[in-house]
Amino acid sequence: MLIIFGITVSYPSLARYKNRLDINHLLTTTQTWDGTVATSYKKGTGKEEDPYIISNANELAYFSNMLKTTTYENTYFKLSNDIIINNGTFNYVDNNITYTLSESTFYVQEYGVDIYDNKETTGTRITTINKINPLDNFQGYLDGDHHSIYGLYITDEAGEKLGLFTNLAGTVKNLYLENVMIYGGHTTAAISNADGATLENIFTSGNIISTKSNGVDRKIASITNYSKKKNKRPLSETINLPAIDATRPIQKLRLTGTYTSTNTPQNVFLNGIEVAPGSIDIDLGTEPITKLSIEIDSEVASTIALKSMYLEVIYKEANASGIVAEAANTTLTNVINKANIYSDCFGAGLIGKATNTSIYNAYNTGTITAVNETAGLVASIEDSTTKVELNKLYNNGQLNGPKTSSFVNTIKNNQEVVISNAFNLQTAQTQYTTTQTVILTNVLDVNTSTIAGIEPITDETAKNKVYCTETLGFKEYIDTENLILDSEKVWVYEPGFLPILHIDDLNDPIAILNVGTYKFEDIGYELSNLYFANTT
């Protein structure tokens, strides 16, 4: 018997990607992780033609365990199913992690797995949720095959680098991370840090929160020795300190050295802090200073000397972002962040700190909130010895914090930085801060810019298909076969919406049809009929 099904959808409606299910379908057809760890992968030998197959969360946990003893260099992996770590919905409200399941909202114990019915997370716990360990030091190849890892929860009170991947030096592609909750650390993102990695077709949604700051990039400068012969009256004067970068948040200023004197006077103060002869180790606080005050409230005649004096500046740094917190020698292509980002220091939509790292075809729509500096795309581009490119990207995520930048907070010490075909549609104080020349082509912002080469844009213009394709070069996606011929044709257009990457979900599809492992969404807007035949 031949059965013909007629289904009205738009054309072209050929599946844009395999294995992409809507959330409701995913949650009703995929088993939630039971917390146990597998003893092997489903199958495979790890070769390119026969990759290790990860089919569920148990095998993903096994993968994490195996990375404790091997890097899997030049080894191939592939996901064969969607994976659900937790089937509830995470959120971050008033500094609390919430977890909503079956229309009931609970509170997650900080850095823990217990959930409660109150913000204080006290009393009797309701139940527990699943936490999975990061995939550390991976140097192989992982193809997500357009599958989703849903409800990912990663936290560690003592951890510094948090993400699904940490210390990544391999290739990850075709992977959706949805409804994530990554909480803690000072280098926090879907991928905490990467060096020599390749990332392609990556999607992130949920919440990413760094809770710590790290004292890094120390600058120790010597201070000219000071010697003073003092008679019998009090003394008050200042000496100049070495210049420091006052634009960066300071975690600690520290003064060290040696203080000696003859006829030791009483009441000797450096910047208001009393010192005694011998070694000096003074905490000068967190505000930038240019002078050191010396006060001696004594009538004893003496000679005082300050020797081997050093000013140590410990800059505060914590990076949280949607894709990679710290990226070096890495390439990102076709990446999307929709996760909300919260940082104790620096927050950005795509990358926190980038060195020798370029991004092609990407956007952020998540809300970014940071204590110090917030950027739509990248927090900082620093110390690059090769050309850095940001090409065909945009920000449409709200930016919150005392210093907000449309594109990049800080650009410094790089060989060459090129930003092209990029726009921002959210309120920001500036586009970027730099001490070097940045090459700009077709860079646009809704905010008034004092930077030559950045032009205004409106929401209407950004949604104009002709402008985006012809002026910005956002080439329109046709179908999978055409993409093989031209890998730049990755942008999908809908009337009244911003362009999206072909791996993203349409904002207003006329029809969605799941057939087997394929998801069909309309791309065109003229209706036609598709017929599927099945014989029984």
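Bear in mind the structure is a predicted one, so any value in this text is a computation, not a measurement. (Residues numbered from 1 in each chain as written. Predicted model: local features only at pLDDT ≥ 70, side-chain atom pairs only at ≥ 80, totals over all residues. Heavy atoms only, no water.)

1. Examining the overall build of the protein chain
Reasoning step 1: A count of helical and extended segments in the protein chain gives five helices and 51 strands.
Reasoning step 2: In the protein chain, which comprises 536 residues, the proportion classed as buried is 52%.
Reasoning step 3: Within the protein chain, residue pairs in contact and separated by at least 24 positions form 73% of the contacts whose partners lie at least 6 positions apart.
Reasoning step 4: Of the accessible surface of the protein chain, which amounts to about 23300 Å², a share of 46% is contributed by carbon and sulfur atoms. (Helix = DSSP H or I, 4+ residues; strand = E, 2+ residues; numbered from the N terminus. Buried < 20%, exposed > 50% of the residue type's maximum accessible area, 1.4 Å probe, protein only. Contact = heavy atoms within 4.5 Å. Areas by Shrake-Rupley, 256 points an atom, 1.4 Å probe, with all protein chains shown as cover.)

2. Comments concerning the side chain of Asn319
Reasoning step 1: The topology assignment puts Asn319 in strand β29 (residues 319–321).
Reasoning step 2: The exposure class of Asn319 is buried, given its relative accessible area of 2%.
Reasoning step 3: Ignoring any residue separated from it by four or fewer positions in sequence, one finds Asn319 in contact with His186, Thr187, Thr188, Ala325, Glu326, Phe346, Gly352, Lys353 and Ala379.

3. Points about the environment of Ala320
Reasoning step 1: Mapped onto the secondary structure, Ala320 falls in strand β29.
Reasoning step 2: As a C-alpha pair, Ala320 and Ala348 span 28 residues in sequence and 6.6 Å in three-dimensional space.
Reasoning step 3: Setting aside its immediate chain neighbours within four residues, Ala320 contacts Thr188, Ser210, Ile341, Tyr342, Ser343, Phe346, Gly347 and Ala348.

4. Re the sheet that holds strand β17 (residues 187–188)
Reasoning step 1: Spatial strand order, β14-β17-β29-β33-β37-β41: six strands in an open sheet with parallel pairing. The sheet is open, and its two borders are formed by β14 (161–162) and β41 (403–405), each paired with just one other strand. (Pairing = 2+ DSSP bridges.)

5. What about the nonpolar core?
Reasoning step 1: One finds Phe63, Ile149, Phe165, Ile359 and Ile419 to be the most contacted residues of the largest nonpolar core, which totals 72 residues.
Reasoning step 2: Within the second largest apolar cluster, 26 residues are counted, among which are Leu241, Leu292, Ile294 and Tyr315. (Core = buried A, V, L, I, M, F, W, Y, C linked by side-chain atoms within 4.5 Å.)

6. Focus on the pattern of salt bridges
Reasoning step 1: As enumerated under the stated definition, the model contains nine salt bridges in all.
Reasoning step 2: With a closest N to O distance of 3.0 Å, Glu476 and Lys465 form a salt bridge. On the criterion of sequence distance, the pair formed by Glu476 in the loop between α4 (465–470) and α5 (480–485) and Lys465 in helix α4 is long-range, its members being 11 residues apart.
Reasoning step 3: Asp486 is the partner of Lys475 in a salt bridge, and the nearest nitrogen-oxygen pair spans 3.4 Å. Pair noted here: Lys475 is in the loop between α4 and α5 and Asp486 is in the loop between α5 and β47 (491–492), with a separation of 11 residues, a long-range link.
Reasoning step 4: With relative accessibility at 36%, the residue Lys475 sits in the partly exposed group.
Reasoning step 5: A single network of salt bridges, built from pairs that share partners, joins Arg254, Asp281 and Glu312. (Salt bridge = Lys/Arg side-chain N within 4 Å of Asp/Glu carboxyl O.)

7. Remarks on the confidence of the model for the protein chain
Reasoning step 1: On average, residues of the protein chain carry a pLDDT of 87, and 87% of them reach 70 or more.
Reasoning step 2: Counted against residues more than four places away or in other chains, residues 1–15, with its pLDDT under 50, gives 56 contacts.
Reasoning step 3: Counting contacts from residues 515–536, a segment whose pLDDT is below 50, to residues more than four positions away or on other chains yields 92 contacts. (pLDDT = per-residue confidence, 0-100.)

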